[in-house]
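Residue strings, one per chain:
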Amino acid sequence: MLEGVGSLRAALEDGRTTAAELGQAAADDDGWLRAWRAERPADPDDAAVHACALVRLAWKLRGAAFAEYTSEEQAEGFHRVLGGAPEACAEARRLAPGDPVPWIIELWAGIGLGYSREEFDRVWAGVTARDPHHYAAHYAALQYHCAKWYGSAQEAHAFADRAATAAPENSLLAGLRLVALHEHEPDGAEGEHWSTPYARTAVDDARRAVDTARPGDARAAEIRHLLAWCCTITERPVEALNHFRLVDGYVDALPWRYSDTPAASYCHVRAIAAKYAADQLAATA
């Protein structure tokens, strides 16, 4: 962890870290955050990190299992901690009225707390009034609209389409269509799912967006993971391998993130892509 309150603030300001990353760190050990809050009680960055830490800690207490496999103790801890997040977000907004981050954090709180559509739309309006094309905000809102939460595949695809259409040219929001496709991927029919005209157009648009993204953009890397996955299962191993090579060393992304063993899943699919890419290149040599 960075040393000292001044270093934490500087890291946020120059982009070396984010409120989400610091919130995750605080969910594991919040001693440094409590020291920061004591030294700067009216610091807006501190307030945002505190709100994010509550959300991250709540999900950590709950675990990643489906509801039927979540214990009463896990559920109680989840709701107890997450219940404090909206108030923490409101405090962060009071300290930084123009900052979209506290609103984005509340999107995740709303998913966990089961916000009604009206409540969620209120928070979403607060986000878009401050940053209409924020990728992390759109990713969170897309989750709300997915079938596994409070929407459907149709709603999720419609949301992703609206975001991509309204975004600036080559925006990474084009990649949201891949996220929606993955979230509603049918077991045992992945190849067909990613081979439809809609999916192929989504892949082409996302590829153009990541190819023009600034070097080192973490969001572009996340989208490349999905591109590598769908190219592998639609028998485009050479293209898949090209994407894999650009993201090697990082596996905290879809689709591997949903696996119990993300690194093993990543390596398994990458090995498949490498084998068939070699076979395909040998056949055309």
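Scroll up for the structure.
How each quantity is defined
- Residues numbered from 1 in each chain as written.
- Predicted model: local features only at pLDDT ≥ 70, side-chain atom pairs only at ≥ 80, totals over all residues.
- Heavy atoms only, no water.
- Helix = DSSP H or I, 4+ residues; strand = E, 2+ residues; numbered from the N terminus.
- Buried < 20%, exposed > 50% of the residue type's maximum accessible area, 1.4 Å probe, protein only.
- Contact = heavy atoms within 4.5 Å.
- Areas by Shrake-Rupley, 256 points an atom, 1.4 Å probe, with all protein chains shown as cover.
- Expected span 1.5 Å × (residues − 1).
- Salt bridge = Lys/Arg side-chain N within 4 Å of Asp/Glu carboxyl O.
- Polar contact = N/O pair within 3.5 Å; in protein donor to acceptor, adjacent residues only side chain to side chain.
- Phe/Tyr/Trp six-rings, centres within 6.5 Å; stacked < 30°, edge-to-face > 60°.

> Describe the overall build of the chain, with residues and values.
Tallying secondary structure elements over the chain gives 16 helices and 0 strands in all. The burial tally for the chain puts 45% of its 285 residues in the buried class. When contacts within the chain are restricted to residue pairs at least 6 apart in sequence, long-range pairs at least 24 apart make up 60% of them. For the chain, the computed accessible surface area is about 14200 Å², with 54% contributed by carbon and sulfur atoms.

> Summarise helix α7 (residues 101-113); cite the residues concerned and give the values.
An ideal rise of 1.5 Å per residue puts 18 Å on 13 residues; α7 measures up with 18 Å between its terminal C-alpha atoms. Burial runs high along α7: 10 of the 13 residues are buried. Where α7 is buried, its residues contact α4 (44-62), α5 (72-82), α6 (85-95), α8 (117-130) and α9 (135-145). Backbone geometry just downstream of α7 places Gly114 in the positive-phi region, at approximately 75°.

> Can you tell me about the pattern of salt bridges, naming the residues and giving the values?
Under the criterion given, the structure shown has 18 salt bridges. With a closest N to O distance of 3.0 Å, Glu183 and Lys148 form a salt bridge. With Glu183 in helix α11 (residues 176-183) and Lys148 in the loop between α9 and α10 (153-166), the pair connects residues that are 35 residues apart, well separated along the chain. For Lys148, a relative accessible area of 45% puts it in the partly exposed group. With a closest N to O distance of 2.9 Å, Arg224 and Asp211 form a salt bridge. Residue Arg224 is located in helix α14 (residues 218-233), and its partner Asp211 is located in helix α13 (residues 197-211); the two are separated by 13 residues in the primary sequence. Counted as one network, the salt bridges with shared partners bring together Asp161, Arg177, Asp205 and Arg208.

> Could you give me a rundown of the environment of Ala53, with the residues and numbers involved?
Tracing the backbone through its elements, the reader meets Ala53 in helix α4. Linking Ala53 and Leu82, residues 29 residues apart in sequence, is a C-alpha distance of 9.7 Å.

> Lay out the side chain of Glu185 in plain terms, naming residues and giving numbers.
Turning to its location among the elements, Glu185 is positioned in the loop between α11 and α12 (190-193). Polar contacts involving the side chain of Glu185 include one to the side chain of Trp194, which spans 2.5 Å. Ignoring sequence-local partners within four residues, the contact set of Glu185 consists of Glu190, His193, Trp194, Trp229 and Ile233.

> Outline the packing of aromatic side chains, listing residues and values.
Going through the model one piece at a time under the given rule, you end up with 11 aromatic pairs. Ring plane angle 85° and centroid distance 5.9 Å describe the contact between Trp59 and Trp149, whose orientation is recorded as edge-to-face. Remark: Trp149 occurs in the loop between α9 and α10 and Trp59 occurs in helix α4; sequence separation between them is 90 residues. For Trp59, a relative accessible area of 22% translates into the label partly exposed. Using a relative accessible area of 31% as the deciding quantity, one classes Trp149 as partly exposed. Considering the side-chain rings of Phe244 and Tyr266, the 5.3 Å spacing of their centres and the 75° angle between planes classify their relative orientation as edge-to-face. In this pair, Phe244 is assigned in helix α15 (residues 237-247) and Tyr266 in helix α16 (residues 262-284), connecting sequence segments 22 residues apart. Comparing Phe244 with Tyr266 shows no difference in burial state: the two are buried. The structure contains a cluster of three or more aromatic residues connected by ring pairs, namely Trp59, Phe78, Phe120, Tyr144, Trp149 and Tyr150.

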